[in-house]
Structures are given as structure tokens and as C-alpha cells.
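Architecture and fold: a report
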Amino acid sequence: MIRLEDVSVRVDVPTAAGHAHAWVAKTLIDRVSLALPERRIAFVGANGSGKSTLLRLLNGLILPSDGRVEVDGLDPATDGRAVRRHVGFVFTDPLSQLVMPTPVEDVELSLRRSIPDRKARRARALDLLEERGLARVADQSIYDLSGGERQLVALTAVLAVKPGVLVADEPTTLLDLRNRLRLYATLDALPQQVIVSTHDLDLARRADRVLVVEGGRIAHDGAPAEAIAYYEGSQR
Ligand SMILES: Nc1ncnc2c1ncn2[C@@H]1O[C@H](COP(=O)(O)OP(=O)(O)OP(=O)(O)O)[C@@H](O)[C@H]1O
């Protein structure tokens, strides 16, 4: 289970006045405590509310300034490697995580530990891409793919290592309707816990629990219909 115990994240930022060497502490996450046992969890909230920061705490990309994070018994502050292996993370911008020239090579990279034989690894990578409707672009340059195709390749590569938890930061942002529906079905079918941040309220509605983030705090936490109604009301 994922737990946050009184977690705050603060960073030093230059003062607005821009005086040389003048810094102030900015609170990105403000004393958040949560237990997240549900299988499907969505964070929603306005731009800059702190959703990405909360997700990044879950795989140690950001460590708390105060408080403690626990992910299935692992502490990202002390078990960084194990946490990163356990928590698959899909970034909003797929280019920040696709490191190989082509989709098939990227998925092969994910499989290098689990399938040592190169031929078998390539065959499996192609199978996984085909399952996502990406066989056609498997050998194309990453840079020649559409944003949506890249996002699906990134998801395929992350899922290839069979993480215990999938964390996805705005996974449907770049997807057209067809691919969005495909992604919903993919996430629904995953055996592992899935935690997303999203502006896509249709995706949030599919979760077991929706948390509304406001100014680095959880402003509302509950079943999708009521949490989304709260969020919509708060933005008017
Ligand atoms: N390293 C950092 N230094 C200073 N400020 C930061 C840093 N990282 C994030 N922030 C600020 O913290 C706030 C929360 O950012 P975060 O990315 O978590 O928001 P978000 O809810 O995911 O937003 P969006 O919906 O736009 O993706 C923003 O005001 C952002 O500018």
C-alpha cells in the first residue's frame, strides 16, 4: 500500500523582485497525509496545484522535505533503486523517457533483464507494440511519431518490465479519441495498482477514488462523481 505521512515539499526559489542572491522557500506540497489502498486512483486539480509533484514523490523523483512516503513497504528516501524498479512512471512528455532511436529498441531496452536472448527479446518487444496497435511504427524514428504514438510507446516500454505499481502523469493528454479509449481499456485491464494525474475527467471517472489537489493540499477526496462535482464547482 502507498502511504504519505505528513509530507511536505519545499523548494528555494528566487524572490519575485529578482534581487541577486535573494531566495524564498516555496511550499509545493503542504503536510499531506494519505493512505492509498484502492486499485485505481486519480489526482485532479488546476495547473500548478501540485499533482505532478505528488506523483513524483511516489517513485523518489522528488523526496519529501518533511514527512515520509512508503510504497508497498519501500521508502523512496532509502530504497531509491528498489522503488524505481517497483513503480513504473509514465511522464506527460514521452520524449523525456524514450531514450532509444526507435520504439522497438526502446521496448527491447526495458526487456534486457527479463529476456537475455536478443532474438527472443526483439520478438517480445514487437508483440507488445503490436498489442498497442504500434506494429506499423516499430522501426520508425521516435522523432517521426505523433505525440500520441510516442505516449503509447512510452507506456508500452514501462509496462514491459511489469512494475508493481503504474504511475502516469496525464497519460491521455496527447491522445486522440480512439487512442484514449484504447488507453482506458488498457489501464482497466492492468493487474497492478494504477495512479494517474489528469485533466481528463472521463479518465478520472473510471477511478475508484479521486483526489482534488489545490495549492499543494488535498481539497477533496472521495468517490469520482462527488469529487469531480467538487472540482468543477471550485473552478467556476
Ligand atoms: N523544482 C521546482 N522549483 C520551483 N517550483 C516548482 C518546482 N517544481 C514544481 N514547481 C511549482 O510547483 C507547483 C506545482 O507544480 P506541479 O507540476 O506539481 O503542478 P501540476 O498540478 O502537476 O500542474 P499541471 O496540471 O500544470 O501539470 C507549480 O507552481 C510549479 O511551478
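This report concerns the structure included in the present document.

Thresholds applied
Throughout, residues of each chain are indexed from 1 in the direction in which the sequence is written. Only residues with pLDDT of at least 70 get local features here, since the model is predicted, and only at 80 or more are side-chain atom pairs given and counted; chain-wide, interface and lining totals rely on the full set of residues. Counting from the N terminus, the helices are the DSSP runs of H or I reaching at least four residues and the strands are the DSSP runs of E reaching at least two. Radius of gyration means the value over C-alpha atoms here, while the globule rule gives 2.2 Å times the residue count to the 0.38 power. Here exposure depends only on C-beta density: within 10 Å of a residue's C-beta, 20 or more other C-beta atoms make it buried, 12 or fewer make it exposed, and intermediate numbers make it partly exposed, the C-beta atoms being placed from the backbone. Contact between residues is assigned whenever the C-beta positions, reconstructed from backbone atoms, fall within 7 Å. Note on definitions: a residue is near a molecule or strand provided its C-beta atom, placed from the backbone, lies within 6 Å of it. Gly is placed with the polar residues, together with every amino acid not listed as nonpolar (Ala, Val, Leu, Ile, Met, Phe, Trp, Tyr, Cys and Pro) or charged (Asp, Glu, Lys and Arg). Note on pairing: two strands pair once DSSP finds at least 2 bridges between them. Axis angles are defined between N-to-C directions and span 0 to 180 degrees, where every axis is a line fitted to C-alpha atoms and, for a helix, only to the segment in contact. The nonpolar core is taken to be a set of buried Ala, Val, Leu, Ile, Met, Phe, Trp, Tyr and Cys residues joined by way of C-beta atoms within 7 Å. Each angle is binned into one of four classes, with values under 35 degrees roughly parallel, values over 145 roughly antiparallel, values of 65 to 115 roughly perpendicular, and all other values oblique. With the far helix as reference, a near helix turned anticlockwise by less than a right angle produces a left-handed crossing, and one turned clockwise produces a right-handed crossing.

As for the overall build of the protein chain
- When helices and strands are tallied, the protein chain shows eight helices and nine strands.
- The C-alpha atoms of the protein chain give 19 Å as radius of gyration, which agrees with the globular expectation for 236 residues (18 Å, within 12%).
- Referenced to the eigenvectors of the C-alpha coordinate spread, the extents of the protein chain come out at roughly 55 × 40 × 40 Å.
- Out of the 236 residues in the protein chain, the part that is buried amounts to 37%.
- Put simply, 62% of the contacts in the protein chain that link residues at least 6 apart link residues at least 24 apart.

As for the site of the ligand
- Taken together, 13 residues lie around the ligand, and Asn47, Gly48, Lys51, Ser52 and Thr53 are the ones closest in.
- Listing elements by their share of the shell around the ligand, those giving two or more residues are β1 (2-14), β2 (23-36) and α1 (51-57).
- A total of three residues in the shell around the ligand trace back to one element, the largest contributor, which is α1.
- A per-class count over the shell around the ligand returns three nonpolar, eight polar and two charged.

What about helix α3 (residues 103-110)?
- Across the eight residues of α3, six count as buried, placing the element largely inside the fold.
- Burial in α3 covers these residues: Pro103, Val104, Asp106, Val107, Glu108 and Ser110.

Regarding the sheet that holds strand β4 (residues 66-71)
- Read from one edge of the open sheet, three strands run β2-β1-β4, paired in antiparallel fashion. Each edge of the sheet is formed by a strand with only one pairing partner; in this case those strands are β2 and β4. For this sheet, the mean inter-axis angle between neighbouring strands, taken without regard to orientation, is 30 degrees.
- Looking at chain direction, β1 and β4 are connected through five bridges and run antiparallel.

Side note on the sheet that holds strand β7 (residues 193-197)
- On the basis of which strands lie adjacent, the open sheet formed by six strands has the order β5-β6-β7-β3-β8-β9 and mixed pairing. With partners counted over all chains shown, the strands left at the sheet margins are β5 (87-90) and β9 (217-222), one partner each. Adjacent strand axes in the sheet meet at a mean angle of 15 degrees, parallel and antiparallel pairs treated alike.
- Pairing of strand β8 (residues 209-214) with β9, which is carried by five bridges, proceeds in the antiparallel orientation. Residue pairing for β9: glutamate 214 is matched across the bridge by arginine 217.

What about the pairing of β7?
- For β7, the tally of buried residues reaches five of five residues, placing the bulk of the element in the interior.
- Of the two faces of β7, the one lined by Gln193, Ile195 and Ser197 and the one lined by Val194 and Val196 are each fully buried.
- Alignment of strand β3 (residues 40-45) against β7, held across four bridges, turns out to be parallel. Along β7, the bridge assignment pairs arginine 40 with valine 194.
- In the sheet, strand β6 (residues 165-169) pairs with β7 via five bridges, with the strands oriented parallel. Residue pairing for β7: aspartate 169 is matched across the bridge by serine 197.

Describing the nonpolar core
- Core analysis: the largest hydrophobic core is formed by 57 residues, its most contacted members being Ala42, Leu58, Val158, Val167 and Val210.
- When residues of this core are assigned to their parent elements, the largest contribution, eight residues, is made by helix α5 (residues 147-160).
- Non-local contacts of leucine 58, meaning those with residues more than four positions away in its chain, are made with Ile2, Val69, Val71, Val87, Val167 and Ile195.

Quick word on the packing of α3 against α5
- One can describe the packing of α3 onto α5 by two numbers: an axis separation of 8 Å at closest approach and a directional angle of 20 degrees. One way to sum up the angle between α3 and α5 is to call them roughly parallel. Read as a crossing pair, α3 and α5 show a hand that is right-handed. Seen from α3, the contacting residues are Pro103, Asp106, Val107 and Ser110; seen from α5, they are Val153, Thr156, Ala157 and Ala160.
- Residues belonging to the contact of α3 with α5 are distributed by class as follows: five nonpolar, two polar and one charged.

Some words on the packing of α3 against helix α4 (residues 118-131)
- Contact geometry of α3 with α4 gives a least axis separation of 9 Å together with a crossing angle of 115 degrees. At the point where α3 passes α4, the crossing takes the right-handed sense. Across the interface between the two elements, Pro103, Val104, Val107 and Glu108 from α3 touch Arg121, Arg122, Ala125, Leu126, Leu128 and Leu129 from α4.

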